[in-house]
Structure formats: structure tokens, C-alpha cells
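Below are the chains, spelled out letter by letter.
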Amino acid sequence: MTILYHENSKVFHLYNDTISYVMMILKNGHLGQLYYGKRIRDREDFSYFLETCERPMTARVFEEDDAFSLEHIRQEYPVFGTTDFRQPAVEVLQENGSRISDFVYQSHSVKGGKPKLSGLPATYTEADEEAETLTVTLRDALTGMEIELLYTIFAEGGILARSARFLNSGEQTLRLTRAMSLSLDLPDRDYVWQQLSGCWARECHVHSRKLEPGIQAIGSMRGNSSHEHNPFLVLRRPHANERQGEVIGLSLIYSGNFRIQAEVDAHDTLRVLAGIDPETFTWRLDPGESFQTPEAVLVYTDQGLNHMSQTFHKLYQRRLARGYWRDRVRPILNNNWEATYFDFTEERLLAIAAKAKECGVELFVLDDGWFGERSSDHAGLGDWVANRRRLPEGIAGLADRVEELGMKLGLWFEPEMVNKDSDFYRQHPDWILGTPGRSQSQGRHQYVLDFSRKEVVDAIYEQMAEILRKAKLSYIKWDMNRSITECFSGGWPADRQGEIYHRYILGVYDLYERLTSEFPKVLFESCASGGGRFDPGMLYYAPQGWLSDDSDAVERLKIQYGASMCYPISSMGAHVSAVPNHQVYRNTPLHTRANVACFGTFGYELDLNKLTEEETEEVKEQIAFMKKYRQILQFGTFYRLKSPFEGNETAWMVVSEDQKTALVGWYRILNDINGRYTRLRLEGLHPAYAYRNQKSGLVHYGDELMYAGLITTDDTAGQAPAEAKHSTDFESGIYILEAIPSV
Ligand code: DGJ
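This section reports on the structure supplied with the text. Not measured: the values here are computed from a predicted model.

### With respect to the overall build of the protein
Step number 1: When its secondary structure is counted, the protein shows 12 helices and 39 strands.
Step number 2: Over its C-alpha atoms the protein spans a radius of gyration of 27 Å, differing by no more than 12% from the 27 Å that the globule rule assigns to 743 residues.
Step number 3: Here the C-alpha coordinates of the protein stretch approximately 90 × 70 × 45 Å along the principal axes.
Step number 4: The buried share of the protein, taken over its 743 residues, is 62%.
Step number 5: The contacts in the protein between residues at least 6 apart in sequence include a share of 70% that link residues at least 24 apart.
Step number 6: As displayed, the protein has an accessible area near 27400 Å², and 49% of this comes from carbon and sulfur atoms.
Step number 7: Treating the 81 positive side-chain charges of the protein as one cloud and the 105 negative ones as another, the clouds have centres 2 Å apart.

Here is the structure:
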């Protein structure tokens, strides 16, 4: 990759093998956007990309130039209030009440690698050759506000990471009322907007629409990135699909309130903004203080959605997730939540764990209910001390007994919350978020601790660290089960209340940072009532997340398919649960539940003692299969083949790095009678390798499987002879394809 600055034309050109990103210093000193897309050859001067013309009813910057209006110029980090009437990237409130700024180029520098963003999760490099970072400094002369725009281009893939850092180098107190991570002006609006939206238990559904004039937006004002909208956007050309075509993916590495929007103006140009939600944000910057925005990552490809996703998967697996578990296959776990809910004793837990061990499970996870006076969701949050009536020897004792069984122990926490019925709340009633003189709303009978205050984070850290220091724990599930309301902190003055949502999430990141540093071998799984905070910010600390509280295999197809647009399989917590399913009361076959969950971190969310002998044997086989193939399932190259949003069948596959093994997941919702002949055109295989299909025993070359297709016609469906094994609704299969020496 290269970052060039052409002095004469004042043009920056950032490029690698895949992309070019071209900007220039405009006549008024602002930074203009010239081109973003497929790699183009470098030239000394690209300034002809800057199209300006004289238009009626336009305000102009210069007396003598009727064509230079910011309204019609594509910019890098625009302001509002001079001649641009679109939504801006930044707004600074000044002591005299003015919000007008004029950010003019000062200097720039280029460095190998990528700097850390203070206090915030972000992508990183391990060697300077992996990326280059351009920092462009702009300055508003009147106020002294400086902005450093950071652009990191990675050597591999069409990846560009962006963020902005503000420094008040003036003498007055300034207030940021908007500080987006990224603004991207594109020359046309010929895109389909694609978002991942839903709600609790129905996260990450794919929704698409053509861009129209005006503003289209997603975001969250809940304090968490939310079940409703994932901080992720795809803009794809209308003809682009999974296999081909131009696609831009935009992912915000942030877990709090956010906004991503696209504004199409009257001339069909497009402005994309992404960052902290401006509605719920202000930030006071006293002289000398600085503010760093979260990072936004852009991925461009002209090879379709699968390629965009694969680029995100590899980046987020290797250069966003960190630590001991980053590259390791994930332990197969048994979580007791849907097995017992709050109704357990140590003996009951150990009976579940013993059976799990017999089946091959590696990690037993004790979920909610082990602490304080927690026998329902009305009490106990905040008291992170084992309830001795349930666990006579505490967590340390339980961990010893689980280890004696030959397994590891994991534990659930909800660090950010408190019940009023808890010793913690009784000691610190003023440590929750809430507006003075007004009632606080509850959610699941709990209140949100004020994580904007260091002393609150310290107190929770001490309780958690105490447990982790004493007990042999290998895994923590970090839950968060309500959104923030009445956001007000008793720890901050009136004119800093607009900072609390962001300070809260910084407190969450701080606690994660401290715990993951002190206990580097503990595997963290994030959770927020399932996927309420399944976002890249969390991935930095917790390499996997509980994707949804909906554990039904059919519902999960849509959720996992949608999430795979951005997130790697190794990040998706997915479990086999009991039937009838506890969320939708559906009965699905045991093999289908496992066939969906194995495209995830894989585990069980039930009491295996309740299965029949035949089912237990099946579970043992599932676990053996997962152990054999999880390296490929979790870290191979993932392809979506058939969308659950478009028909009765879903299919996806992973291919090993050496292309010698592929696993194809095929799922049919309702059974067919006398149905069609079906085949799946596979992807990512080596055309010349011969693959044995373990199901049929037949051997096919990669080119046959990719171009003619894998035959999936299910001849037991409906028309099968009476003695054959019959398919049911919710049928599925995993096709294992292994390369063999040529035939
Ligand atoms: C919500 C989580 O998503 C569930 O998996 C479980 O941990 C419960 N909270 C426990 O209260």
C-alpha cells in the first residue's frame, strides 16, 4: 500500500492493490473528496474530479468565484452553516453561541502501521508493513480547534479505517455537539442500502432498499448499539450480489449510541455519515483537552457481498479481536440457563456438568442466579458474591468440582446493573443513572450503574477480580439486559451531562480492558439479552458474543446469516437447545439444531440428562464432529449460498485455507412434496481438486461443484418408500467434502 501527496496539485492518493482513495486540499483550505473505489493508476493531478459549476440559488464561498459552493463539493469532513446545507460531520458550539467553523488544512504526516486510539477499541497492526496511516491536521483559526483526520489503509484487502481526533488549542471552552467518525461524499446514489435490523430475539435481519433523495438512517439512542440496528451498513450497486459487483461495507467500532446515515441531495450525490449519535451527545473541551471519535471501517470490493464479508471476517478475527483466544478454536460449552433458569443447586449443576462431560463438552457455564439473593430477576444484581445456600463452597469450590470432572468452569456476570434489592444498591443508592427529582424507569427490575464514574467501575472491578483471582474460571459471559433511560450522572456537572452516554461506554471498555489484561487466558463472551450489543467494539475485548436469545434453529438461520455480513463465525455464540424451543415453541430435529449451531462457537443450552439414549449418542457424534472440524468452521472462509430471506432453503459453506476441506450447511424449512430437483453451486473450491462427498461417497472435481453444483435433491422427501428414513419439516444436512488424490 502507498500514501502519496502530490505537492503541486495538493492531491492525496491512498491506494493498495484493491482500492484508491483520493482527496485534495480545496481552494478554501478544506479537504475535498475526489474518488473512492477500485484501484486506479496514480497521477500527479486528479483535481479534475472536482466538479463545480455555477448554479442558481447557491451560496458561494468567494466573491469572485460563482462556482465554488460547498453545497456542490464533495468533502472529507464537512461543516454546516457556510455554504453547505447538508448534514455535517462536525459542529462546534463556541462561547459566543456561534456554531460556524472553518477547518483549514495545516499539515499532514504519514506513518507505517496504525496508532492506538486512546480508551477505544479499534483495529490494529502487528507490524508497520501491515498498514500505513495518514494524519491530516485541520484548524479553525478563530477558535483554535484542531482536527486530526486519521486514514489507515491496510496492505491487504480494500480496507480503510477512519477516525477523527479533536484538540482545543485555543483559549475558550468549546463544545462538540457533533463529531462523526467518518463522512464520505460519493458522486452518485445508484446504490442499494442494506442494513441489519430487528429487535430482541430477532436480531440482524437483512433489510434493503434503493437510496432515494433525502436522509435514510439507522442508529441507537438506547445506550447500547442495540438489537434494533447493528452499527453496520452495506451500499451495493443494484446489480451486485453475493458473487459479484461493487459493494461498500461500513462498520462502526462502537457499542453505544450511534448513527449511520446516507443523505442524497438534489443532484443525486450521496453523503454517508457514521459515528456517535449526535442527538444524545455533546462534549465540553476546555483549552488543551482532546477528544477521540470511535473508528469506522470501510471495505470496498468489486467482487460481491461474500468477498466484502470475508474481508471483514479476516480483519475482525485477526486485527480487531485480541489475546489468547483470538486464533484458538472455541471450547464446546454447556450453559445451564435454558436448562434450569434460576432453579438450581450445586448438585443439580454438577449432574448437568457430569452428563455434559460424558458427551464430550469441555466447558460448563453457570449463568444467572449464583450470587447474592438472586432467586429471580428482582434481586441480587450488584452483589457479586456466591450464594452459599446454592453453592456451599462458593464459586471456587464449584470450579474445583467441575475441574475434577475434567471440565472448565465459566461464569455469568451482569457488571453494569444493579437491583434495588441488593446490598450494593443499599450501600450506594446514588450510583445509578437517573435524573434528580424524577423517577427512574426500571427494566427487568434493574437499574443501570453509572459507569461514567470511575469509582463505580472500580468497585465492580474489585468484586469481579476477587472471584476471578480465587476461582479457576476459564470463561466469563458478560451480560447487559436493559437499555439506558433518564441518562443523568450525579458525578458530573450540568454542562457535562451530554457526555454521559459516551462516558458510560468508555467505562464499560475500561472495565473490559482491566479484566482482560489481568486475566488474559479467560475467554470473554459478550451478551446483551442476546444481540443487543453484538458489535465490533465488543469484539475487541470479547472474541465471541451471544448473538441472540432466540435459540430456535429456524430463527437462527436468519440471524446468523444476517450477522455473517460483517461478523466472523468464530464470533457468533450459537447453541443447541431443547424442544419445544423456549422462544418460539417449535420442534426441530436434533441434527438440525446442531447443523445450525456448528456454524458458530457451538455449545448446548439444555440439560443433556433429559435426552434419550439415542439422542445422547447423537450428541456425542455432534461433539466429535465439531471437535474435528471446528478449526475450519470457525476460521475457514465463509460463503453465503442461499438466503433464508428469499425462500424455503438456506445454504452456506466454509472452505479451509488450503481448499482441501469444505463443509456445506443446507437447510430446508418446510418439507416439500414431490419437489424440485435442487442443486447448490458451491464457492471457493479449487477447480482442479477432486473432492469426496462423504454423504454420497461420490467424487467430484471442484469445477463441477462450483459450476454445475452439488446435488441436494432430497429423495426421502414425500415420495420416499415407506421403509426409508423420512425427512420432516426443518430438515438439514452438512455435506463434508474432502480433497483426495486425483481420480
Ligand atoms: C439474557 C441472556 O441473553 C441469557 O442468555 C441469559 O444469560 C439471561 N440474560 C440471564 O438472565
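There is more to say, and it comes next.
### Points about empty space enclosed by the protein
Step number 1: Scanning the entire structure with this criterion turns up 10 cavities of 30 Å³ or more.
Step number 2: Counted as a void, the largest cavity has a volume near 70 Å³.
Step number 3: For the largest cavity, the full set of lining residues is H30, L31, Q75, E76, Y77, P78, V79, F103, L138 and L149.
Step number 4: Looking at the lining of the largest cavity residue by residue, the classes come out as 7 nonpolar, 2 polar and 1 charged.

### Here's the deal with the side chain of E263
Step number 1: Relative to the assigned elements, E263 resides in strand β16 (residues 258-264).
Step number 2: In this structure E263 is buried but unpaired, with R271 as the nearest side chain of opposite charge at 5.5 Å.
Step number 3: One polar contact links the side chain of E263 to the main-chain amide nitrogen of Q87, over a distance of 2.9 Å.

### Describing the environment of D550
Step number 1: Among the structural elements, D550 can be located in the loop between β28 (544-546) and α9 (553-563).
Step number 2: Beyond its immediate chain neighbours, meaning those up to four positions away, D550 contacts A201, E555, R556, I559, N581, Q583 and V584.
Step number 3: In terms of polar contacts, D550 uses its side chain to reach the backbone amide nitrogen of D552, at 3.0 Å.

### Let's talk about the site of the ligand
Step number 1: Every one of the 13 residues lining the ligand counts as a neighbour, but D367, D368, K477, D479 and D549 are closest to it.
Step number 2: Here an oxygen atom of the ligand and a side-chain polar atom of D368 are 2.7 Å apart.
Step number 3: One nitrogen or oxygen atom from the side chain of N481 is found 3.4 Å from a nitrogen atom belonging to the ligand.
Step number 4: Calculation on the ligand without its partners gives an accessible area of 300 Å², and the protein chains cover 97% of this total.
Step number 5: Looking at the shell around the ligand residue by residue, the class counts come to 4 nonpolar, 3 polar and 6 charged.

### What to know about the sheet that holds strand β32 (residues 637-642)
Hydrogen bonding along the main chain pairs the strands of a sheet, whether they run parallel or antiparallel.
Step number 1: Within the open sheet, the 6 strands sit side by side as β32-β33-β34-β39-β36-β37. Their pairing is antiparallel. Only two strands of the sheet have a single neighbouring strand rather than two, namely β32 and β37 (699-701). Direction aside, the axes of adjacent strands within the sheet are offset by 25 degrees on average.
Step number 2: With 8 bridges connecting them, strand β34 (residues 661-668) and strand β39 (residues 731-740) associate as antiparallel partners. Bridge pairing in β39 places G665 opposite I734.

### Things to note about the packing of aromatic side chains
Step number 1: All chains considered together, the criterion is met by 41 aromatic pairs.
Step number 2: Considering the side-chain rings of F281 and F291, the 5.5 Å spacing of their centres and the 50 degrees angle between planes classify their relative orientation as tilted. With a gap of 10 residues between them, F281 in the loop between β17 (270-276) and β18 (283-285) and F291 in strand β19 (residues 290-292) connect regions that are remote in the sequence.
Step number 3: On the basis of relative accessible area, F281 is assigned to the buried category, the value being 5%.
Step number 4: The buried category is assigned to F291, whose relative accessible area is 3%.
Step number 5: Here a set of aromatic residues connected by ring pairs shows up, and it is made of W478, Y509, Y512, F524, Y540 and Y541.
Step number 6: Sitting over the face of the ring of F344, R390 holds its NZ or CZ atom 4.5 Å from the ring centroid.
Step number 7: Here K420 stacks its cationic end above the ring of Y447, 4.4 Å away from the centre of that ring.

### Concerning unusual backbone geometry
Step number 1: Omega for the peptide link from V579 to P580 comes to -10 degrees, which places this bond in the cis form.
Step number 2: A positive phi is found at S226, a non-glycine position, where the angle reads about 100 degrees.
Step number 3: Position of S226 relative to the elements: it lies in the loop between β13 (214-220) and β14 (229-236).
Step number 4: Positive phi values are uncommon outside glycine, yet S529 reaches one of about 50 degrees.
Step number 5: Relative to the assigned elements, S529 resides in the loop between β27 (523-526) and α8 (536-541).
Step number 6: Note on S529: relative accessible area 14%, which makes it buried.

### Thoughts on the layout of surface pockets
Step number 1: The space that makes up the largest pocket amounts to roughly 830 Å³.
Step number 2: Lining the largest pocket we find 32 residues, and of these K695, S732, G733, I734 and Y735 sit closest to its centre.
Step number 3: Ranked by the residues each element gives to the lining of the largest pocket, the list is headed by β39, at 5 residues.
Step number 4: Tallied by class, the residues present in the lining of the largest pocket amount to 11 nonpolar, 13 polar and 8 charged.

### Some remarks on the side chain of Q317
Step number 1: Along the chain, Q317 falls in helix α1 (residues 304-319).
Step number 2: Judged by its relative accessible area of 6%, Q317 falls in the buried class.
Step number 3: At 3.0 Å, the side chain of Q317 forms a polar contact with the side chain of S570.
Step number 4: A polar contact is formed between the side chain of Q317 and the backbone oxygen of Q634, at a distance of 2.9 Å.

### Focus on the sheet that holds strand β29 (residues 572-573)
Step number 1: The 9 strands lie next to each other as β29-β28-β27-β26-β23-β22-β21-β31-β30, forming an open sheet whose pairing is parallel. In this open sheet, the two strands that pair with only one neighbour each are β29 and β30 (576-577).
Step number 2: Note: β27 against β28, 2 bridges, orientation parallel. The residue bridging S526 from the neighbouring strand is G545, located in β28.
Step number 3: In this fold helix α3 (residues 346-359) packs onto β21 (333-335) and β22 (363-366), with an angle of close to 155 degrees to the strand it touches most, β22.
Step number 4: Each of β22, β23 (408-413) and β26 (473-478) is contacted by helix α4 (residues 394-404), which is oriented at about 145 degrees to β23, the strand it contacts most.

### Structural notes on the pattern of salt bridges
Step number 1: On inspection of all chains with the given rule, the structure shows 61 salt bridges.
Step number 2: Two residues, K210 and D190, come together in a salt bridge whose shortest N-O distance is 3.6 Å. With a gap of 20 residues between them, K210 in strand β12 (residues 202-210) and D190 in the loop between β10 (174-186) and β11 (192-199) connect regions that are remote in the sequence.
Step number 3: The class of D190 is partly exposed, set by a relative accessible area of 38%.
Step number 4: K620 is the salt-bridge partner of E617, the closest N and O atoms lying 3.5 Å from each other.

Calculation rules
Residues numbered from 1 in each chain as written. Predicted model: local features only at pLDDT ≥ 70, side-chain atom pairs only at ≥ 80, totals over all residues. Heavy atoms only, no water. Helix = DSSP H or I, 4+ residues; strand = E, 2+ residues; numbered from the N terminus. Rg over C-alpha atoms; globule rule 2.2 N^0.38 Å. Buried < 20%, exposed > 50% of the residue type's maximum accessible area, 1.4 Å probe, protein only. Contact = heavy atoms within 4.5 Å. Areas by Shrake-Rupley, 256 points an atom, 1.4 Å probe, with all protein chains shown as cover. Lys, Arg positive; Asp, Glu negative; His and termini not counted. Charge placed at Lys NZ, Arg CZ, Asp CG, Glu CD. 1 Å grid on protein atoms, 1.4 Å probe; cavity = no way out; pocket = protein on both sides within 12 Å on 5 of 7 lines; lining within 4 Å. Points joined across faces, edges and corners; volume = space filled by probe spheres on them. Nonpolar A, V, L, I, M, F, W, Y, C, P; charged D, E, K, R; others polar. Salt bridge = Lys/Arg side-chain N within 4 Å of Asp/Glu carboxyl O. Polar contact = N/O pair within 3.5 Å; in protein donor to acceptor, adjacent residues only side chain to side chain. Near = heavy atom within 4 Å. Pairing = 2+ DSSP bridges. Axes fitted to C-alpha atoms, helices over the stretch in contact; angles between N-to-C directions. Phe/Tyr/Trp six-rings, centres within 6.5 Å; stacked < 30°, edge-to-face > 60°. Lys NZ or Arg CZ within 6 Å of the ring centre and 35° of its normal.

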